[in-house]
Amino acid sequence: MRQAKAQSFLAEWPFWLLPALLSLALAIYFVDPFIGDWDALDYTVLSLAGKPSTLLFGRMLFIFYNHALWLAAHALFNLPAEKAYLLFKYAVVLQSPLAVIVWWKFARALTKSVEAATLAALLLALSSFFIIYSGQVMTEIPSILLLGLGLLVHLRGLQRKSLWVVIAGACLMGLSVNLREGTALYGVWLVLAPFSCGWKLGRREIMTIALACAVFFLFAVGGFAFFYLANVGNYRYEWRAAFESLRAESLRHPVRLENMLTLLWYFLLAGPVALLCFPFAACREFKRRGFTPLLLLAVIGFLANLSLIIHYSVVLNGRYLLTGLPALLPLVGSYLFEAQVALLKDSRRAFITAVAGVLLATALFSNYYWPGNYAYALTRARSKDYRERLVLLPKDAVVIAGGQTVGVTYWRGVGLGDWDVIGTGAGWPGAALPSEIEKYLNSGRRVFLDTDARLWTPCGWQLAEIRQLTELETRFHFRRVSETIFEIRPLTDDAAQDAPRLERLLPENRPEDTKYCSG
């Protein structure tokens, strides 16, 4: 059995503070140049409005605590809406070291070792995806923080056999589902963890577990259920529309067996040491100590990540692998430290070499990952400057902006205009594009097309959109507004005679862009 060292949390400050400071430094250095992933723009607009997202359970805790921050900052400092993203983004930045500290404390409670806990915290702080999303208005870091806190409190309740502490932990774990729905997979912990902690199957124990599960479920879906069933602000109908759009989008990316290779690759990028060491660590832990909470947590995290194969988005973005990664790290940290102690026969040297190994593995994988991610971040950041193009248009214009559709909706959301969009992806009308444009023109709306090639990627689903765009030149006339933006006019408007040359967007006319296409 592991023996706990009789030291207080504050006395052990060098072990948890250094990984936390490293996390904060990395979050600040790699902070997103604008807001973050495309979802981040939506979260920002929704937080300003105080309106839950239509993604799954609504991300309500994230939306509403950001809304409270915005109301306070606006009232106290007159923060303008267009700068609110800075408040939301740096709130996430500040949560990244807190998440590292909470998971250090949880790992310390599980392993009874400050060295193992520090290795676990270091593995989390150095995860590529953890670093990236520590500087964005996204829900990954807040969910990791709250989930870790919930698991820690719940474990304390199990160890003390305290009903109210167990319930408090279940409440916090349920609330984390309101940040990211993937944390609901940790509900298994509520059922199995008591027995890994030595609980017997008695009436009181069964009632405690059942009550914890009920509370977890209530806090996980209660907010969503209220907004949906009461149809607050027409939420039910908007959610259904978003669900249908999501289902249509998933058909574009069907689940295939080869998706598992992509998932494992992202898993490797998220935590190379964790993935490679997990099978050995799990076997070692089971042989030496049996069914421990440490092993249970890691297995839940590993299976949680593998279960993501059913979600089409896992082949598009590796951030989903943060769902289960933190749960593997206490076990892997313990394994690394104990293995080095067995090899070197000296705990200090063992700890130093384990840290060095973690740093080396991180450097090797980051060297592969960071260049591509930085280029992608710069592409997303164009939304920040897209307002300069929008101010050239009427505030009630209809805009076809390809990859900057989300930029148009963002600047509309912060109050700069009242633009409508004919959106890319799930919002694209397909073959009905000409009739959609005619509908707006016949109602007196003005329609504008941004022909910037950077907004129209000649790959995948957007390739079909480009081919449909090129057909517009035979159906409409065009009038140039700026270097890349053209107003679409009816054929009867003889004054609009500019040529947008849409054929230049086709992949055969831009081979330098197609070399980055996959498949």
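All values derive from a computational prediction rather than experimental measurement.

1. Focus: the overall build of the chain
Logical step 1: Within the chain, the regular secondary structure consists of 22 helices and five strands.
Logical step 2: A compact globule built from 519 residues would reach a C-alpha radius of gyration of about 24 Å, and the chain, at 26 Å, matches this within 12%.
Logical step 3: Counting only C-alpha atoms and orienting by the principal axes, one finds that the chain spans roughly 85 × 50 × 50 Å.
Logical step 4: Here the chain holds 519 residues, and the buried ones make up 53% of them.
Logical step 5: Summarising the internal contacts of the chain: among those between residues at least 6 apart in sequence, 71% fall at separations of at least 24.
Logical step 6: Here the chain holds 49 positive side-chain charges and 38 negative ones, and the gap between their average locations is 13 Å.

2. Notes on the pattern of salt bridges
Logical step 1: All told, the structure shown has 24 salt bridges when counted by the stated rule.
Logical step 2: For Arg288, the salt bridge is made with Glu338, and the minimal N-O distance between the two is 3.9 Å. Placement of Arg288 in helix H13 (residues 272-289) and of Glu338 in helix H15 (residues 325-344) is noted, with a sequence separation of 50 residues between them.
Logical step 3: In this structure Arg288 comes out as exposed when scored by relative accessible area, which is 52%.

3. Side note on the sheet that holds strand E5 (residues 485-489)
Logical step 1: The five strands are arranged E2-E1-E3-E5-E4 in an open sheet whose pairing can be described as mixed. Two strands bound the open sheet, and with one partner strand each, they are strand E2 (420-421) and strand E4 (477-480).
Logical step 2: Here four bridges tie strand E3 (residues 447-450) to E5, and the two strands are oriented antiparallel to one another. If you follow Phe448 over to E5, its bridge partner there is Glu487.

4. Side note on the packing of helix H9 (residues 187-196) against helix H14 (residues 293-307)
Logical step 1: At a minimum axis distance of 9 Å, the contact between H9 and H14 shows a crossing angle of 160°. Between H9 and H14, the interaxial angle falls into the category roughly antiparallel. Regarding H9 and H14, the two cross each other, and that crossing is right-handed. Contacts from Val188, Trp189, Leu192, Ala193 and Ser196 of H9 reach H14 at Pro293, Leu296, Leu297 and Ile300.
Logical step 2: Classifying every residue of the contact of H9 with H14 by side-chain character gives eight nonpolar, one polar and no charged.

5. What to know about helix H10 (residues 203-229)
Logical step 1: Residue Val221 marks the point of greatest curvature in H10, where the axis turns by about 50°.
Logical step 2: Turning to H10, its buried residues are Glu205, Thr208, Ile209, Ala212, Val215, Phe216, Ala220, Val221, Phe224, Phe227 and Tyr228.
Logical step 3: Backbone geometry just after H10 places Asn231 at a positive phi near 50°.

6. Let's talk about unusual backbone geometry
Logical step 1: Located in the positive-phi region is Arg59, a residue other than glycine, with phi close to 45°.
Logical step 2: Even without being a glycine, Lys345 presents a positive backbone phi close to 65°.
Logical step 3: Looking at where Lys345 falls in the secondary structure, it is placed in the loop between H15 and helix H16 (347-380).
Logical step 4: Lys345 gets classed as exposed once you look at its relative accessible area, which sits at 69%.

7. As for the side chain of Thr484
Logical step 1: Position of Thr484 among the secondary structure elements: in the loop between E4 and E5.
Logical step 2: A polar side-chain atom of Thr484 sits 3.0 Å from a polar atom in the side chain of Asp450.

8. What to know about the environment of Val232
Logical step 1: By secondary structure assignment, the location of Val232 is in the loop between H10 and helix H11 (235-252).
Logical step 2: The exposure class of Val232 is partly exposed, given its relative accessible area of 32%.
Logical step 3: For the pair Val232 and Pro52, spaced 180 residues apart in the sequence, the C-alpha separation amounts to 10.0 Å.
Logical step 4: Not counting chain neighbours up to four residues away, the residues in contact with Val232 comprise Phe226 and Phe227.

9. Examining the packing of aromatic side chains
When we look at a pair of aromatic rings, we describe it by the centre distance and by the angle of the planes.
Logical step 1: This structure, assessed with the given rule, holds 25 aromatic pairs.
Logical step 2: Between Trp103 and Phe106 the ring centres are 5.6 Å apart and the planes differ by 70°, which places this aromatic pair in the edge-to-face class. Pair noted here: Trp103 and Phe106 are both in helix H4 (residues 84-111), with a separation of three residues, about one helical turn.
Logical step 3: By relative accessible area, Phe106 is classed as buried at 0%.
Logical step 4: Centroid distance Phe278 to Phe302: 4.6 Å. Interplanar angle 20°. Geometry classified as stacked. One end of the pair, Phe278, is in helix H13; the other, Phe302, is in helix H14, and 24 residues separate them in sequence.
Logical step 5: Residue Phe278 is classed as buried on the basis of its relative accessible area, which comes to 8%.
Logical step 6: Among the aromatic residues, ring-to-ring pairing joins Phe57, Phe64, Phe224, Phe226, Phe227, Tyr228, Tyr235, Trp239 and Phe243 into one connected group.

The rules behind these values
Residues numbered from 1 in each chain as written. Predicted model: local features only at pLDDT ≥ 70, side-chain atom pairs only at ≥ 80, totals over all residues. Heavy atoms only, no water. Helix = DSSP H or I, 4+ residues; strand = E, 2+ residues; numbered from the N terminus. Rg over C-alpha atoms; globule rule 2.2 N^0.38 Å. Buried < 20%, exposed > 50% of the residue type's maximum accessible area, 1.4 Å probe, protein only. Contact = heavy atoms within 4.5 Å. Lys, Arg positive; Asp, Glu negative; His and termini not counted. Charge placed at Lys NZ, Arg CZ, Asp CG, Glu CD. Salt bridge = Lys/Arg side-chain N within 4 Å of Asp/Glu carboxyl O. Pairing = 2+ DSSP bridges. Axes fitted to C-alpha atoms, helices over the stretch in contact; angles between N-to-C directions. Parallel < 35°, antiparallel > 145°, perpendicular 65-115°, else oblique. Left-handed = near helix turned anticlockwise from the far one by under 90°. Nonpolar A, V, L, I, M, F, W, Y, C, P; charged D, E, K, R; others polar. Bend = angle between axes of the 7 residues up to and from the residue. Polar contact = N/O pair within 3.5 Å; in protein donor to acceptor, adjacent residues only side chain to side chain. Phe/Tyr/Trp six-rings, centres within 6.5 Å; stacked < 30°, edge-to-face > 60°.

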